[in-house]
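For reference, the chains in residue letters:
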Amino acid sequence: MAASPITIELTETERSVLSVVYAKGECTRPDISASLDVSKPTVSLAVSALENAGLIAPVRARQGSLGRSATVYAIAATAGWLLGLDIGSTRVKVLSRALDGRELKSVSESLSGPGSRNEQILELVSSLVGRMIDELAPVAGPLRAVGVAVPRVISQYLNDESSSRTIGRPALAEILAALDLDEGVPVLLENNVNCAALAEMELGGAQDVNDFVFLQVGVGIGSGIVADRRVVRGARGGAGEVSSLPTGWPAKAESSDRFALEDYLGANQFLERWTSTWDIRQGPVPTTVAELFDFAGAGIPKAVEALDQHSRDIGQLALSLAAVLDPALILLGGGVGQNPHLLEGVRAVVQTVKPEVQVTGGSLGEDATVEGAVALTLDHALSGLLGSRYKRRLDDRTTVIFANRAPAAPVPDADRSRNVRGLTSV
């Protein structure tokens, strides 16, 4: 059976049949006919076409009550697969899933060794994605979409803008070149914290919550805002960029840098601030924030003071978000935010003022961002295959770029369709 191509023309009946198979997981032709109220011969023609296209496949026979057996169909293993990348500050994580949602492969590598951060990121993207494509393409069918999560405001990335916070990160065109995708493969670009929020909404701790905030506390500080189960983006895609809050808050952030809040609350600066005056009579100097918090749990005074102050600071940030957004839930994530020592303190600060707001840790941990990137690709791929038979679950404003296409005509900056160094986005 041939693998399905990325772009395939389906009739409305074929889309309808495929949507039933996807929704049910496994079903027979009579099941499909009953679900759609369509004649069995019509269903049989559509099933044959979908089977020939590599989108569905027979998986077993089901014995009927009258002794007849019916063929059971499911999404084919060759129907295609999806790829998500989390290009973070300290590592690159890649996750692939089949069109039916099954995890196929996951790999993560940290940045280390000599060379610039740019070079390391590009080398990891190229090697990790290249190996995964080589392994999965022969058995899983076409790569239907790639989701790339980056710690950037995507509108700035598209315009190739730079700032003090993003100098040293690879340009968008460099990342897309490192992916080295076949022509026409859609690449979905999304902010990393928005991806984490979407993943928690789909798979994690906010599955039953309509309005929540995902507050990421780590090397960087950011938030993903979800209102009525949609990501809030703002006019230029920068909603939730709390790192650029006015520099007068908190009061200790005395800097003219527009990212002074992040410079005060970010993991590296926080650790340096508290270890620079560390008294070794209390124990060895902690080398990570997690170690510092463990020392606090053991009762070391300096570490307890650091944890208490950071809990108050992050708690005040959470309260500020709660005052403006009125969320039902605040999820803490990131390398520091998911630490249980910090969570307890932040919850106490928030619920002293707003007891109605739940505060808890994200349930997906360090996988939240890459899971969100893959979830976006699945949503995109199903929308393309099923058309009106599929209702987009996630945000349909995510920027999509098609690999290796000739550049389109220039468009106004306000339009979400634009050229990016020879790559067409829609």
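Residues numbered from 1 in each chain as written. Predicted model: local features only at pLDDT ≥ 70, side-chain atom pairs only at ≥ 80, totals over all residues. Heavy atoms only, no water.

**Student:** Which residues make up the overall build of the protein chain, and what are the values?
**Tutor:** When you go through the protein chain residue by residue, the secondary structure sums to 14 helices and 16 strands. Residues counted as buried form 50% of the 426 residues belonging to the protein chain. Taking the contacts inside the protein chain whose residues are at least 6 apart along the sequence as the reference set, 62% of them involve residues at least 24 apart. Approximately 19,100 Å² of the protein chain is accessible, and the part contributed by carbon and sulfur atoms is 50%. (Helix = DSSP H or I, 4+ residues; strand = E, 2+ residues; numbered from the N terminus. Buried < 20%, exposed > 50% of the residue type's maximum accessible area, 1.4 Å probe, protein only. Contact = heavy atoms within 4.5 Å. Areas by Shrake-Rupley, 256 points an atom, 1.4 Å probe, with all protein chains shown as cover.)

**Student:** An account of the nonpolar core is needed here, citing residue identities and associated values.
**Tutor:** Counting 53 residues, the largest nonpolar core has Val17, Leu18, Ile32, Leu55, Ile56, Leu99 and Phe212 as its most contacted members. In terms of residue count, the dominant contributor to this core is helix α14 (residues 368–386) (nine residues). In this structure, Tyr264, Leu292, Ala306 and Val349 belong to the second largest nonpolar core, which totals 38 residues. (Core = buried A, V, L, I, M, F, W, Y, C linked by side-chain atoms within 4.5 Å.)

**Student:** Got a sec to walk through the confidence of the model for the protein chain? Specific residues and values, please.
**Tutor:** Overall, the prediction assigns the protein chain a mean pLDDT of 87, with 86% of residues at 70 or greater. Per-element mean pLDDT across the protein chain ranges from 38 in strand β15 (residues 419–420) up to 98 in strand β12 (residues 329–333). Contacts from residues 161–167, a stretch scored under 50 in pLDDT, to residues over four places away or in other chains number eleven contacts. Across residues 406–426, where pLDDT falls below 50, the model places 50 contacts with residues more than four positions away in sequence or in other chains. (pLDDT = per-residue confidence, 0-100.)

**Student:** Outline the packing of helix α2 (residues 29–36) against helix α3 (residues 40–52), supporting the account with residue identities and numerical values.
**Tutor:** At their nearest, the axes of α2 and α3 sit 9 Å apart, and the two run at 115° to each other. As for how α2 packs across α3, the hand of that crossing is right-handed. When α2 is examined against α3, the residues Arg29, Ile32 and Ser33 are found in contact with a partner set consisting of Lys40, Val43, Ser44, Val47 and Ser48. Classifying every residue of the contact of α2 with α3 by side-chain character gives three nonpolar, three polar and two charged. (Axes fitted to C-alpha atoms, helices over the stretch in contact; angles between N-to-C directions. Left-handed = near helix turned anticlockwise from the far one by under 90°. Nonpolar A, V, L, I, M, F, W, Y, C, P; charged D, E, K, R; others polar.)

**Student:** Explain the pattern of salt bridges to me, using residue names and the numbers behind them.
**Tutor:** Evaluated as defined, the whole model comprises 15 salt bridges. Linking glutamate 190 and arginine 233 is a salt bridge whose minimum nitrogen-to-oxygen distance equals 2.6 Å. Of this pair, glutamate 190 sits in strand β8 (residues 186–191) while arginine 233 sits in the loop between β11 (230–231) and α8 (260–265), placing them 43 residues apart in sequence. Per residue, the accessibility class of glutamate 190 equals that of arginine 233, and both read buried. Within this structure, Asp86, Arg91 and Glu366 form a network of salt bridges that share partners. (Salt bridge = Lys/Arg side-chain N within 4 Å of Asp/Glu carboxyl O.)

**Student:** Give me the lowdown on helix α4 (residues 117–140), citing residues and values where you can.
**Tutor:** Here α4 spans 32 Å end to end across 24 residues, near enough to the 34 Å set by a 1.5 Å rise per residue. Where α4 bends most, at aspartate 134, the angle is about 25°, and the proline proline 138 comes one to four residues later. Here α4 has its buried residues at Gln120, Ile121, Leu122, Leu124, Val125, Leu128, Val129, Met132, Leu136 and Ala140. At the exit of α4 stands glycine 141, carrying a positive phi of roughly 85°. (Expected span 1.5 Å × (residues − 1). Bend = angle between axes of the 7 residues up to and from the residue.)

**Student:** Talk me through the environment of aspartate 228; I want residue IDs and the actual numbers.
**Tutor:** The residue aspartate 228 is located in the loop between β10 (221–227) and β11 in this model. Using a relative accessible area of 60% as the deciding quantity, one classes aspartate 228 as exposed. For the pair aspartate 228 and valine 209, spaced 19 residues apart in the sequence, the C-alpha separation amounts to 8.5 Å. Dropping the residues within four chain positions of it, aspartate 228 is found in contact with Asn210 and Asp211.

**Student:** So what's going on with helix α13 (residues 340–353)? Residues and values would help.
**Tutor:** Taking 1.5 Å per residue, 14 residues should reach 20 Å; α13 reaches 21 Å between its end C-alpha atoms and fits that length. Residues of α13 that are buried: Leu342, Leu343, Val346, Val349 and Val350. Axial view of α13: buried residues confined to an arc of 135°, hence all on one face. What points out from α13, more than 90 degrees from its buried face, is the exposed set Pro340, Glu344 and Thr352. Packed against the buried residues of α13 are α10 (289–297), α11 (301–325), β12, α12 (334–337) and β13 (358–361). Between a side-chain oxygen at the N-terminus of α13 and the backbone nitrogen of histidine 341 the separation is 2.9 Å; the capping residue is asparagine 339. (Arc of directions from axis to C-beta. Polar contact = N/O pair within 3.5 Å; in protein donor to acceptor, adjacent residues only side chain to side chain.)

**Student:** Explain the sheet that holds strand β2 (residues 56–63) to me, using residue names and the numbers behind them.
**Tutor:** Read from one edge of the open sheet, three strands run β1-β3-β2, paired in antiparallel fashion. Each edge of the open sheet is held by one strand with a lone partner, namely β1 (27–28) and β2. The pairing of β2 with strand β3 (residues 69–75) spans seven bridges and is antiparallel. Within the sheet, the bridge partner assigned to arginine 60 lies in β3 and is valine 72. Each of β1, β2 and β3 is contacted by helix α1 (residues 12–24), which is oriented at about 85° to β3, the strand it contacts most. (Pairing = 2+ DSSP bridges.)

**Student:** Report on the packing of α1 against α3, specifying residues and quantitative values.
**Tutor:** What describes two packed helices is the angle between their axes and the distance between those same axes. Following both chains from N to C, one finds α1 and α3 inclined at 80°, their axes separated by 9 Å at the closest point. By the angle between their directions, the pair α1 and α3 is classed as roughly perpendicular. Counting all contacts with α1, which are made through Thr13, Glu14, Val17 and Leu18, the residues of α3 involved are Thr42, Ala46, Val47, Ala49 and Leu50. Split by residue class, the contact of α1 with α3 holds six nonpolar, two polar and one charged. (Parallel < 35°, antiparallel > 145°, perpendicular 65-115°, else oblique.)

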